[in-house]
Amino acid sequence: MQRHLITAAIPYINGIKHLGNLVGSQLPADLYARYQRARGNEVLFLCATDEHGTPAELAAAKAGKPVAEYCAEMHTIQAEIAKGFRLSFDHFGRSSSPQNHALTQHFAGRLADEGLIREVVEKQVYSNADGRFLPDRYIEGTCPNCGYDKARGDQCENCTKQLDPTDLIEPRSAVSGSTDLEVRETKHLYLRQSALKDDLDAWIDSKTDWPILTTSIAKKWLHDGDGLQDRGITRDLDWGIPVRRGDAEWPGMEGKVFYVWFDAPIEYIACASEWADAQGHTDWERWWRTDKGAEDVRYTQFMGKDNVPFHTLSFPATILGSAEPWKMVDHLKSFNYLNYEGGQFSTSQGRGVFMDQALALLPADYWRWWLLSNCPETSDTEFTWELFQQGVNKDLADVLGNFASRVTKFCRSKFGETVPDGGTFGPQEEELITNLDTRIAKYSEMMDAMEVRKSAQELRAIWVAGNEYLQAAAPWATIKEDEAKAAMQIRLGLNLIALYAVLSAPFIPDAATRMQDAMQPGDTDWPTSARAALTQLPEGHAFTVPDNLFAKVTDDQREEWTAQFSGVRE
RNA sequence: GGCGCGGUAGCUCAGUUGGUUAGAGCGAUCGACUCAUAAUCGAUAGGUCGGGAGUUCAAGUCUCCCCCACGCCA
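All of these numbers come straight from a predicted model, not from anything done at the bench.

**Concerning the sheet that holds strand 16 (residues 343-344)**
Spatial strand order, 16-15-17: 3 strands in an open sheet with mixed pairing. The open sheet terminates on both sides in strands that have one partner only, identified here as strand 16 and strand 17 (381-383).

**Quick look at empty space enclosed by the protein**
Counted under the stated rule, the structure contains 3 cavities of 30 Å³ or more. What the largest cavity holds in volume is close to 80 Å³. Taken together, P11, I16, K17, Q26, Q78, I81, A82, F89, F92 and M355 form the lining of the largest cavity. Counting residues per element, the lining of the largest cavity draws most heavily on helix 3 (residues 67-84), at 3 residues. Residues that form the lining of the largest cavity fall into these classes: 7 nonpolar, 2 polar and 1 charged. One number sums up the size of the second largest cavity: a volume of about 50 Å³. Contributing to the lining of the second largest cavity are P28, L31, Y32, Y35, F302, M447, M450, E451, V452 and S455. Looking at the lining of the second largest cavity, the elements with two or more residues in it are helix 1 (19-38) and helix 14 (452-473). Looking at which element gives the most residues to the lining of the second largest cavity, the answer is helix 1, with 4 residues. Tallied by class, residues from the lining of the second largest cavity come to 8 nonpolar, 1 polar and 1 charged.

**Considerations on the pairing of strand 1 (residues 3-8)**
Most of strand 1 sits out of view: 6 of its 6 residues are buried. Alternating positions in strand 1 separate into two faces, R3, L5 and T7 on one and H4, I6 and A8 on the other, with burial throughout. Bridge analysis of strand 1 against strand 13 (residues 297-304) gives 6 bridges, and the strand direction is parallel. The residue bridging L5 from the neighbouring strand is Y299, located in strand 13. Alignment of strand 1 against strand 2 (residues 42-49), held across 5 bridges, turns out to be parallel. In the strand pairing of strand 2, I6 is matched with F45. For the handedness criterion, the β-α-β arrangement of strand 1, helix 1 and strand 2 is classed as right-handed.

**Thoughts on the domain arrangement of chain A**
Domain boundaries assigned for chain A yield domain 1 (3-114 + 261-335), domain 2 (117-190) and domain 3 (385-533). A separation of 37 Å is found between the C-alpha centroids of domain 1 and domain 3. Across the contact, 15 residues belong to domain 1 and 11 residues belong to domain 3. Here domain 1 packs against domain 3, burying approximately 1,200 Å² in sum over the two surfaces, 69% of which is carbon and sulfur. At the junction of domain 1 with domain 3, the criterion picks out 1 salt bridge. As a salt-bridge pair, D510 and R86 come within 2.9 Å of each other at their nearest N and O atoms. Between the two partners, domain 1 and domain 3, sit 4 residue pairs in polar contact (both at pLDDT 80 or more). Looking at the side of domain 1 that touches domain 3, the elements with two or more residues in it are helix 1, strand 13 and strand 14 (331-335). At 7 residues, helix 1 tops the list of elements feeding residues into the side of domain 1 that touches domain 3. Each residue belonging to the side of domain 1 that touches domain 3 can be placed in one class, and the counts come to 7 nonpolar, 3 polar and 5 charged.

**Side note on the sheet that holds strand 5 (residues 132-133)**
Spatially, 5-4-9-10 is the arrangement adopted by the 4 strands of the open sheet, whose pairing is antiparallel. The open sheet has two edge strands, strand 5 and strand 10 (231-232), and neither has a second partner.

**Some remarks on the environment of A474**
As for its placement among the helices and strands, A474 is situated in the loop between helix 14 and helix 15 (475-481). Exposure remark for A474: the relative accessible area of 14% places this residue in the buried category. Between the C-alpha atom of A474 and that of R558, which follows or precedes it by 84 residues, the distance is 35 Å.

**What to know about the pairing of strand 9 (residues 181-191)**
Bridge count for strand 4 (residues 117-127) against strand 9 is 11 bridges, and the pairing is antiparallel. Residue pairing across strands places V120 opposite H188, the latter belonging to strand 9.

**Remarks on the pattern of salt bridges**
Considering all chains together, one arrives at 34 salt bridges under this definition. The salt bridge involving R132 is made with E57; its shortest N-O contact spans 2.8 Å. A residue pair is termed long-range when its members are at least 10 positions apart, and R132 in strand 5 and E57 in helix 2 (residues 54-63) qualify at 75 residues. When its relative accessible area of 15% is taken as the criterion, R132 is described as buried. Of the charged contacts, one joins D230 and R118 as a salt bridge, the two residues approaching to 3.0 Å between their closest N and O atoms. Here R118 lies in strand 4 and D230 lies in the loop between helix 6 (212-223) and strand 10, a separation of 112 residues in the sequence. Each of R110, D113, E114, R245, R289, D291 and E324 takes part in one network of salt bridges that share partners.

**Digging into the nonpolar core**
Formed by 104 residues in total, the largest nonpolar core has its most connected members in F85, W367, F388, L436 and F507. Among the elements that take part in this core, helix 16 (residues 483-504) stands out by supplying 14 residues, more than any other. Taken domain by domain, the makeup of this core includes at least three residues from each of domain 1 (3-114 + 261-335) and domain 3 (385-533). In contact with L436, other than residues within four places in its own chain, are I462, A465, L496, L499, A530 and L534.

Thresholds applied
Residues numbered from 1 in each chain as written. Chains lettered and ligands numbered in written order. Predicted model: local features only at pLDDT ≥ 70, side-chain atom pairs only at ≥ 80, totals over all residues. Heavy atoms only, no water. Pairing = 2+ DSSP bridges. Helix = DSSP H or I, 4+ residues; strand = E, 2+ residues; numbered from the N terminus. 1 Å grid on protein atoms, 1.4 Å probe; cavity = no way out; pocket = protein on both sides within 12 Å on 5 of 7 lines; lining within 4 Å. Points joined across faces, edges and corners; volume = space filled by probe spheres on them. Nonpolar A, V, L, I, M, F, W, Y, C, P; charged D, E, K, R; others polar. Buried < 20%, exposed > 50% of the residue type's maximum accessible area, 1.4 Å probe, protein only. Right-handed = clockwise from strand over helix to strand, strands pointing away. Domains from an automatic or database assignment. Contact = heavy atoms within 4.5 Å. Buried area = accessible area lost by both parts, 1.4 Å probe. Salt bridge = Lys/Arg side-chain N within 4 Å of Asp/Glu carboxyl O. Polar contact = N/O pair within 3.5 Å; in protein donor to acceptor, adjacent residues only side chain to side chain. Core = buried A, V, L, I, M, F, W, Y, C linked by side-chain atoms within 4.5 Å.

As structure tokens, then:
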């Protein structure tokens, strides 16, 4: 039995994510987790909310709530939506957890002990009215280059010129609009990533099976310009993990917190600790410490391409730098972007379909199937309502749903709601078995390789194989000449439904459950032989005719939704 | 501006280290069937693989230039 540690990129707390975010990490991670569990492997599938940082503080302020309260509420909302999409996390944690506080402080202490932390005194803009330091992008003013009056302190959106906050003419706080700003000196900790560059480089080089997208991004950051730069890991904020050196105070760093990018990936580890606590045991290091049982763990991360630098460089730098035997990622599956009706999905602009909205329209399976079977694996891909409608109607309603419907209803009308007996397999059935054995092997191979779209293609082909068989066998014609043969044919059809339930479960778990409820198979293990799978329902076994598994998306719905989601949210 | 990923049938996408007549699904057209959610099954049509030059016996696949779209620039 293999052991799989699987993490999906942790979503930021300040709002509900859109379908592009979902398909880029959580959904394919869930597909893989469900598949590995179905294969009988041990799986720990973790995700969490990323809760620290200025955007969270500002979102809380906008909502008129204390930031801790705001984060707690948003975490609950995101957890509910995750459940709605049937994301089968073993634990959905929080980067603000006590476990992550302790672990983040531990890592910082270790890095300092290894000589990989340096202290830097730098100048930052302080807003007296807001009573806080302002990150560069929260300072607005007039661009000295083009005169645009809403340029941000890091860059002018109008002329794209890189800026320093002190370049701005008439700078003001983007938080309060106050112009009562001053430049203050403040001390911060920097992680000496540059010292780890060669180690990281060698580590990336050893990952020959990673997607090109992943390694090319990592290599670019390692070698571009002056190479990998040291990064600040602390901030002058209230909301975050207090800077401590392990268990000890960090002199001179009082009142400061770790920067969100530093503590967020550590939550992948802390989340396992949270999971163990929630399970009532302490046995989580066997997933994360190679000296404590994680030697045989295979660790896979899922994320969108924008997250690749953090997962290939920043987080590994933290782990390598600690000089402790933490588990490093084995495979990193990254995704491109999903576009929406010719443009981008955008959280900030409220463009596209958000996770809560999607679930209000249709059950999770519709979204899971379409998004996974069209996921942006090798290039950006396009979501349009027309493509969505065509895809789910054809694949789910017509090919799979209708198959279950025609088989069960035909059986009910001719033989009743029990598996009919009589007849034996002939050439057509043998051909189907051979075909299915090949296709199931291919499907499993693609799932093992995390080839999401190709897996979906194979699964669909397996569904189609059932219709092909039925069309050729034509039990509705056979029954007029040879009732026993028709019984055998439809018995095979009923077994196919039970087989489809098992094979389809990673993609469409709810429909799979309904197929199983209808067929009541004794065995729901992953099939090793099509012949065994297609003879498992005993003759005389009772079943029920399920309601249609999938209703079609109508043209009226499509038009309504296209219009409803043409603008921006809120 | 620099860098990165792409530009393959009407649409969405596959095309391994260059090698026989470039593939899939959808959509379209025609046919078969009538058990089923007017579903299914079969067949057909559709591409000078963004443009140009080059390397090679052979290029969607390598090199160079150009055009277009998208992304990143700590």
